[in-house]
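Structural description and commentary
Single-letter residue listing:
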Amino acid sequence: MIRRVGERVQATQRYQLRPGVYAILRRGDLVLLTHQAEPVPELQLPGGGIDPGEQPIAALHREVYEETGWTMRVTRRLGAFRRFTYMPDYDIWAEKLCAVYLGAPVLRKGSPPEPGHLALWLPAVEAADALGNAGDRHFMRRLLGK
């Protein structure tokens, strides 16, 4: 069973399945995160939706680069969570099926090309409380043994 986090499912609402991939990118005691300015300012694990026909790991590399400006390598899959939420960028109610991977940043190529994103380094112990959604926090805490 995949853990459900966040808002309660609204029985009268129809949700569109939105698979996505996210990464905890560690360098020593630090993790690379993205700050998304809109629609609500929030610290997040870098990652996002898998486009139709796209392979999950390819999507992860693309999303990490778009949101942080970094390339990365994948170490292993940590697990997944489900989140039911409204996505104002797409004007949809979504069942987000989020796979989370452990990896490492490799090379900074520049600023994040995706507007409204900023790459940030935080100590992993701080990130465990600062991340904006319960699924991200869960996997960071689990990785830290909390």
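One structure accompanies this document, and this report is about it.

Conventions adopted
- Residues numbered from 1 in each chain as written.
- Predicted model: local features only at pLDDT ≥ 70, side-chain atom pairs only at ≥ 80, totals over all residues.
- Heavy atoms only, no water.
- Helix = DSSP H or I, 4+ residues; strand = E, 2+ residues; numbered from the N terminus.
- Contact = heavy atoms within 4.5 Å.
- Buried < 20%, exposed > 50% of the residue type's maximum accessible area, 1.4 Å probe, protein only.
- Arc of directions from axis to C-beta.
- Polar contact = N/O pair within 3.5 Å; in protein donor to acceptor, adjacent residues only side chain to side chain.
- Salt bridge = Lys/Arg side-chain N within 4 Å of Asp/Glu carboxyl O.
- Core = buried A, V, L, I, M, F, W, Y, C linked by side-chain atoms within 4.5 Å.

Glancing now at the environment of Val100. Its place among the elements puts Val100 in strand β7 (residues 92-108). Taking the C-alpha atoms as reference points, Val100 and Gly47, 53 residues apart in sequence, are found 8.9 Å from one another. What Val100 contacts, discounting residues up to four positions off in sequence, is Tyr22, Ile24, Leu45, Arg77, Leu78, Gly79, Phe81 and Phe139.

All right, on to helix α3 (residues 134-144) then. Listed as buried for α3 are Gly135, Asp136, Phe139 and Met140. On an axial view of α3, the arc spanned by its buried residues comes to 130 degrees, and they lie on one face. Capping the start of α3, Asn133 holds a side-chain oxygen 2.9 Å from the backbone nitrogen of Gly135, two or three residues further along. Gly145 occupies a position one or two residues after α3 and carries a positive phi of about 80 degrees.

The next point concerns the pattern of salt bridges. Any two side chains of opposite charge can pair if their charged atoms end up close together. Scanning all chains against the criterion turns up 6 salt bridges. Among the salt bridges present, the one from Glu63 reaches Arg62, with a minimum N-O distance of 3.1 Å. A residue is classified by how much of its surface remains accessible, and Glu63, at 9% relative accessible area, is buried. Judged by its relative accessible area of 22%, Arg62 falls in the partly exposed class. Three or more residues are tied together by salt bridges with common partners; here these are Asp51, Glu54, Arg62, Glu63 and Glu66.

Ile24, Val31, Leu33, Leu45, Val100 and Met140 are the most contacted members of the largest nonpolar core, which has 19 residues in total. At the level of elements, β2 (16-27), β3 (30-36), β6 (70-87), β7, α2 (124-130) and α3 are the ones that each hand at least two residues to this core. When sequence neighbours within four positions are dropped, the list of residues in contact with Met140 reads Ile24, Val31, Leu45, Ala124, Ala127, Ala128 and Leu131. One finds Ala59, Leu60, Ala99 and Tyr101 within the second-largest nonpolar core, a separate group that totals 12 residues.

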